Structure formats: C-alpha cells, structure tokens
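Understanding the architecture of this molecule
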Amino acid sequence: MALVIVSETLQLQPWIAALKKAGPEVEILTQQEVKDPGKVEFALAWNHRPGICKEFPNLKTISSMGAGVDHLMKDPDIPQHIRIVRIIDPMLSQDMYEFVLALILSRMKNLRLFQEQQQQKVWKKKRYLRMGQLRVGIMGTGVIGHHVATALLKVGFNVLGWSRTEGQPSGYRKFFGQEQMKDFLNRTDILVCLLPLTPETKGILNRGHLTMLPAGAWVINVGRGGHVVDEELIEVIDSGHLDGASLDVFQEEPLSPQHPFWSHHKIQMTPHNASLTDPDSVAPQILENYYRTLRGEPLLNMVNREAGY
Ligand code: NDP
Ligand code: OXD
C-alpha cells in the first residue's frame, strides 16, 4: 500500500516533507516514482491530470490538498466507489478570515486610494467608514464561511449569511436557498463569496444577482473564478452600481495577460492566495484518512459527491 501525490501546479517538496515527518512509516511517492501502480490505494491530489483512476487500478480514496474539490469533480473518470475527502483545517479558516478582514479594512479606510494619491503626491482627505456601518454578507456559510462570519461579528461588523440549507442556528442572521437570496443580497454592502464551485453555483455572481446588491456595494470573491460571469461583473461595475471587486480566484489561473480584470482600476486582484493549505498543519488528517482507508473505516471530511462539495 502506498500514498501517491499528484499535482500539475503545486510544489510537492513541502508536502512530501510534512507527510514523511508525520508518518515516517508510510510509503509516499510522486506519480513519477510509482513503480508498481497496483500498490497505490490513496492519492493526494490538486489539479491532477484527468485519468489517475485508470493509472492506479486499486485506488480507494482521493484526498484534495485543499478545501475545494471542484478540481476533482471535473474529472469524469473517477468511479463512484472511490471516496473523496477534503481538507478542513482551523488554520485555513483563520487565514481566510485574516485575508477578508484585511481587504475590508483597507477599503473602509481608503488605503488603496491613499496609495494612489501618494504616487501622485496628492494630499486629500476622505471620510472613512466604521465597522458597525457595514453589512457583510457571507455567501456560503460552511466551515470557512461560518468561521469568517463569526470572527467578523466578534470584532463588530454586522454580518449575515446565505447557504443552501438552513443549517444550525448561528449568531448572525442566516438566509438560505434561492427564495431567500434576493433578501440576502438586498441587505449586503460587502459580499464575500465563499461557496464551493458546483453546477448550482457556477456563474452565481452574474448581472441579475449583482444588481440585487445595494448601489455602492463591493464584492470579494475568494470562492472560485467560475462563480463570476466576468463580463457581467465588469458591466455592473462600469454602470456605477457596484463600487468594485476584490478577486482572488479566476476562471483561468494564472489569468491571461489579455484579460480586462488586470487593468480595471476598480478591480483588485490577488493570485489565489487568500488562504493556503499548510502541509504541516494538515498532514495528520491526511494520514488518518490513509490509515482509515487501509482498515476500511469511515473517513474524515467526506465529500458528498451528489451535492458536489
Ligand atoms: P464547505 O463545504 O464547508 O461550505 C460550503 C458552503 O456553501 C455551505 O454553507 C453550503 O451550504 C454552501 N453552498 C453550497 N452550494 C450552495 C448553493 N447551491 N446555494 C447556496 N449555498 C451553497 O466549504 P468550505 O467552507 O470549506 O470552503 C468553501 C470554498 O472556499 C471552497 O470550496 C473553495 O472553493 C474556497 N476556498 C478558497 C480558498 C482561497 O484561497 N481562495 C482557500 C480555501 C477555500 P450548506 O451549509 O447548506 O451545505
Ligand atoms: C482550497 C483553495 O480550496 O486553496 O483550499 O482554494
């Protein structure tokens, strides 16, 4: 039995080091190192080349290297009997909160504007906003979204959330389902998208929904690029309805140099860097799932393949 790590985009060395440190007895191989594909029963994957299941005929479990699993869901060759698990890690949730908070504070206090003014040697004051003056709407109050919502609430923001199902009671006002989406968007000054990318959520940040936000609202997309209809986002910003957007994730990553987002002065971009999985922090849960796979036991952090997240 061996664990294979497959990724077309990630640096694998820190992952191998973390896994070997946490489980020195486990055989950990890169795809190129596998001599006997029949021995591989567990794969750790991020942006893999489709077809791993054909390559490793005895594969039983695939673990995403992050919280999202859209990269696995789009591979049509993963048979139903293969269990898919994902990362749930307090550090990933806290890093996301810190990132979202940094964006919100920077905007409230006009820091980008003042940076531009500094470059032009302009001395011009502008009124700033206070925490209690803004309503932050979290779209997707799952593991990460709920953490971000409760942490923002604790420091003094007005927070509301929207999810697919009603879920557990929370300290903030919750909306759910298509029927309540308009009410949620109507009350949101800063929209934070923390949804997973599924057939239902693809293109959710479109003209129709973005114009349900109050005039002057602002969008933070840290979910997936596929949530945004790019040309409609630009159109709603250019119409003056939205004040701008901070985008961490894109339909195509890295984004093509020709894409209009790069040069749009009301769009702030970061390179899918909001919250990065820390290999040392998550190695124990990956190995726990590896051992559970060996023993045929229920796994941690299972993905519902029907729901797609
Ligand atoms: P979870 O699966 O824990 O939460 C997903 C949330 O989205 C749940 O609240 C779920 O509703 C809601 N949801 C799913 N489908 C719908 C729908 N059709 N309508 C309304 N709500 C829906 O995921 P995580 O919180 O762990 O992660 C969320 C996403 O964040 C990841 O999938 C990934 O795309 C992104 N991410 C981005 C990172 C970055 O660096 N930019 C880093 C980490 C994650 P319900 O509660 O009812 O099930
Ligand atoms: C994740 C991500 O899903 O990094 O963990 O986007």
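The following refers to the structure shown. (Residues numbered from 1 in each chain as written. Chains lettered and ligands numbered in written order. Predicted model: local features only at pLDDT ≥ 70, side-chain atom pairs only at ≥ 80, totals over all residues. Heavy atoms only, no water.)

So, on to the packing of helix α4 (residues 90-108) against helix α6 (residues 143-155). Orientation of α4 relative to α6, taken along the N-to-C sense of each, is 50°, at an axis distance of 9 Å. Put simply, α4 runs oblique to α6. The handedness of the crossing between α4 and α6 is right-handed. Of α6, the residues touching α4 (which contributes L92, S93, Q94, M96, Y97, V100, L101 and I104) are V143, I144, H147, V148, A151, L152 and V155. The class makeup of the residues in the contact of α4 with α6 is 12 nonpolar, three polar and no charged. (Axes fitted to C-alpha atoms, helices over the stretch in contact; angles between N-to-C directions. Helix = DSSP H or I, 4+ residues; strand = E, 2+ residues; numbered from the N terminus. Parallel < 35°, antiparallel > 145°, perpendicular 65-115°, else oblique. Left-handed = near helix turned anticlockwise from the far one by under 90°. Contact = heavy atoms within 4.5 Å. Nonpolar A, V, L, I, M, F, W, Y, C, P; charged D, E, K, R; others polar.)

Glancing now at the packing of aromatic side chains. All told, the structure shown has five aromatic pairs when counted by the stated rule. With a centroid separation of 5.9 Å and an interplanar angle of 75°, the aromatic rings of F42 and Y290 are classed as edge-to-face. Here Y290 lies in helix α10 (residues 279-295) and F42 lies in strand β3 (residues 40-46), a separation of 248 residues in the sequence. Residues F42 and Y290 agree in their burial class; the two are buried. An aromatic cluster is defined as three or more aromatic residues linked by ring pairs; in this entry it consists of F42, Y290 and Y291. One Lys or Arg, R127, reaches over the ring of Y128 and ends 5.8 Å from the middle of that ring. (Phe/Tyr/Trp six-rings, centres within 6.5 Å; stacked < 30°, edge-to-face > 60°. Buried < 20%, exposed > 50% of the residue type's maximum accessible area, 1.4 Å probe, protein only. Lys NZ or Arg CZ within 6 Å of the ring centre and 35° of its normal.)

Residues in close proximity to ligand 1 total 28 residues, the closest being R86, V143, I144, T165 and Y309. Note that a nitrogen atom of ligand 1 is positioned 2.9 Å from one of the side-chain N or O atoms of E200. For ligand 1, the protein covers 91% of the area, taking 940 Å² as the surface of the free molecule. When residues of the shell around ligand 1 are traced back to their parent elements, those giving at least two are α6 and β7 (158-163). (Near = heavy atom within 4 Å. Polar contact = N/O pair within 3.5 Å; in protein donor to acceptor, adjacent residues only side chain to side chain. Areas by Shrake-Rupley, 256 points an atom, 1.4 Å probe, with all protein chains shown as cover.)

Around ligand 2 sit W46, G66, A67, G68, R224, H272 and S275, and that is every residue in its neighbourhood. G68 places a polar main-chain atom, nitrogen or oxygen, 2.7 Å from an oxygen atom of ligand 2. At 2.8 Å, a side-chain N or O of R224 approaches an oxygen atom of ligand 2. Within the complex, the protein chains bury 85% of what would otherwise be the 210 Å² of accessible surface of ligand 2. Along the lines of polarity and charge, the residues of the shell around ligand 2 split into two nonpolar, four polar and one charged.

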